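One letter stands for each residue in the lines below.
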Amino acid sequence: MQQFDVIIIGGGPIGMACGIEAKKAGLSYVILEKGCLVNSLYHYPLNMTFFSTSERLEIGGVPFISHGPKPNRFEALEYYRRVCMSWELNVKLYEKVLSSWSRDGLHHVTTSKGKYATRVVFLALGFYDLPFLLNVPGEELSKVLHYYDEPHPYFAQKVVVVGASNSAVDVALETWRKGAEVTMVVKGHTIGDNVKYWVRPDIDNRIKEGSIKCFFNSQVLRITPNTVEIHTPNGELSLENDFVLAMTGYQPPFDFMESLGIKFHNDEYHTPVYDESTMETNVPNLYLAGVVCGGLKTNKWFIENSRVHAEMIVRELVKRRHILV
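What comes next is a walk through the structure. (Residues numbered from 1 in each chain as written. Predicted model: local features only at pLDDT ≥ 70, side-chain atom pairs only at ≥ 80, totals over all residues. Heavy atoms only, no water.)

Now for the overall build of the protein chain. Secondary structure assignment for the protein chain yields 8 helices and 15 strands. Taking 2.2 N^0.38 as the reference for a compact globule, 325 residues should give roughly 20 Å; the C-alpha atoms of the protein chain span a radius of gyration of 22 Å, in line with that estimate. Along the first, second and third principal axes, the C-alpha atoms of the protein chain reach 65 × 40 × 35 Å. Out of the 325 residues belonging to the protein chain, those deemed buried represent 51%. Once local pairs closer than 6 in sequence are excluded, the contacts in the protein chain between residues at least 24 apart make up 60%. As displayed, the protein chain has an accessible area near 15700 Å², and 52% of this comes from carbon and sulfur atoms. Considering the protein chain, the positive charge centre built from 33 side chains and the negative charge centre built from 36 side chains are found 4 Å apart. (Helix = DSSP H or I, 4+ residues; strand = E, 2+ residues; numbered from the N terminus. Rg over C-alpha atoms; globule rule 2.2 N^0.38 Å. Buried < 20%, exposed > 50% of the residue type's maximum accessible area, 1.4 Å probe, protein only. Contact = heavy atoms within 4.5 Å. Areas by Shrake-Rupley, 256 points an atom, 1.4 Å probe, with all protein chains shown as cover. Lys, Arg positive; Asp, Glu negative; His and termini not counted. Charge placed at Lys NZ, Arg CZ, Asp CG, Glu CD.)

Structure below.
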C-alpha cells in the first residue's frame, strides 16, 4: 500500500491544478484518473470551441497560447499535456477508484490497479460520464447516442436531436450544415435561455425558416429501429428516423460520492455539503474541487472560476499541516 499526504481523484484541469498546488506546498500526492488525461475534455466534440478565452483556462502559471481568442479542443488537449509535463505531475492514468473508506483519520483508497492510504482526499470529479437518460423504450438501440463527436456520420440521415441547451443546439446546427435532416424535440416552450448569444439567432432562424424542424413542449415516448414516437401538444407523432442524439445533459457520480459519506442539501440541485471557505465536506479531510461542487447545477462551476479551489484547499492544509503527520 502506497501512502501520500494527499490523494486527488480526477485528472482533469482542476485535479491537475490541485496537484500543482500540493507540489508547490511540498506535499506528497498522487492524481488518480480512470481514463486519459483530462478525460472529459477528450470526449468533447472534435470541433468544439471553448466559451472562455485561453488565459482563463490556464493553470500552474503555464501560458495558454491559442490561434484564436477562444481555444478549441485540440489546443486544450495539447495545453494540458504540456502543463502535466512541465510540472512533472504524479498522475496515474487509466486507474479507476473503486472504493474509499476511512478509519482512525486515514482514508484507504482501492483502485483497479492498487491500494493507497492518505490523510486527505481531494475529489475533483467531472460529470461527463453519466448522461441523463430518456428512460423510454428503445433507448438501448445502437442508433441512440448520448455523446457526439463529429457531423460526418449523419450526412443524408434523419436525425432527431433531443434537448435545448448549448450542446443540443450545436449538434443540430452542425449536423444540419453537413447534410443531415434534423428534427429537434424540446421539452420546454423555447430554446434554452443559456444558449450562447452568438448562436441563438442562428438556431432561431433555422427553426423559423423550417430548415430545422422543432417540436416544443414535446417529449420522446419510444424509439424503434426506424422511428421515434413523440408526444406533442397536438397529439402523438411518428417520425421516420435513423439516429437519435440525446443531448440531455450529464450528472455527477452521486452514488460514489454517497459511498464516501458525503451528505447533500435537500435542494433541487442535490448540492453536496461543504464549507465554501475551505471546500471541506462533512467528511473530515475530504475536499471538493471543481464542477462536482454544484451537484446537478452543472453550469455553475467551470475551469475559469473553480481553479481557485485548489489554492483554497491547499492553503487550508498548510494551516493544518499537523494532520498529515
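A full pass over the atoms with the stated rule returns 11 salt bridges. One salt bridge connects R206 with D202, and the closest N-O pair in it is separated by 2.6 Å. With R206 and D202 both in helix 5 (residues 200–209) and 4 residues apart, this pair spans about one turn of that helix. With respect to class, R206 is no different from D202; both count as buried. (Salt bridge = Lys/Arg side-chain N within 4 Å of Asp/Glu carboxyl O.)

With that settled, consider the pairing of strand 1 (residues 2–9). Inspection of the sheet shows strand 1 paired to strand 6 (residues 115–123) by 7 bridges, in the parallel sense. Within the sheet, the bridge partner assigned to F4 lies in strand 6 and is T118. As paired strands, strand 1 and strand 2 (residues 29–32) are joined by 4 bridges and run parallel to one another. Across the sheet, residue I7 finds its bridge partner in strand 2, namely V30. Handedness of the crossover joining strand 1 and strand 2 through helix 1 (residues 13–24): right-handed. (Pairing = 2+ DSSP bridges. Right-handed = clockwise from strand over helix to strand, strands pointing away.)

Another aspect to go through is the state of the cysteines. By the definition in use, this model includes 0 disulfides. Note on C18: no disulfide assigned, nearest cysteine sulfur contributed by C293 at a separation of 9.5 Å. Free of any disulfide, C36 has its nearest neighbouring cysteine sulfur in C84, separated by 12 Å. (Disulfide = S-S within 2.5 Å.)

Adjacent strands of a sheet form backbone hydrogen bonds with each other and so pair up, either parallel or antiparallel. Strands sit in the order 11-12-13 across an open sheet of 3 strands; the sheet is antiparallel. Lying at the two open borders of the sheet, with one neighbouring strand each, are strand 11 (219–223) and strand 13 (235–240). Ignoring which end each strand starts from, the neighbouring axes of this sheet average 30° apart. (Axes fitted to C-alpha atoms, helices over the stretch in contact; angles between N-to-C directions.)

So, on to the nonpolar core. One finds M16, Y80, F122 and L123 to be the most contacted residues of the largest nonpolar core, which totals 67 residues. Sorting the residues of this core by element identifies strand 1, helix 1, strand 2, helix 3 (73–87), strand 6, helix 6 (254–259), strand 15 (286–288) and helix 8 (308–319) as the ones contributing at least two each. Sequence-distant contacts of F122, defined by excluding residues within four places in its chain, comprise V6, I7, I8, I9, C18, Y287, I313, V314 and L317. Within the second largest apolar cluster, 23 residues are counted, among which are V182, V199, I207 and C214. (Core = buried A, V, L, I, M, F, W, Y, C linked by side-chain atoms within 4.5 Å.)

Turning our eyes to something else, we now look at a nonpolar patch on the surface. A contiguous nonpolar patch, built from F51, Y197 and W198 and spanning about 400 Å² of accessible area, is present on the exposed surface. With respect to the helices and strands, Y197 occurs in the loop between strand 9 (181–185) and helix 5. Judged by its relative accessible area of 68%, Y197 is exposed. (Patch = residues over 30% accessible without salt bridge, like charges linked within 9 Å, V, L, I, M, F, W, Y side chains within 5 Å.)

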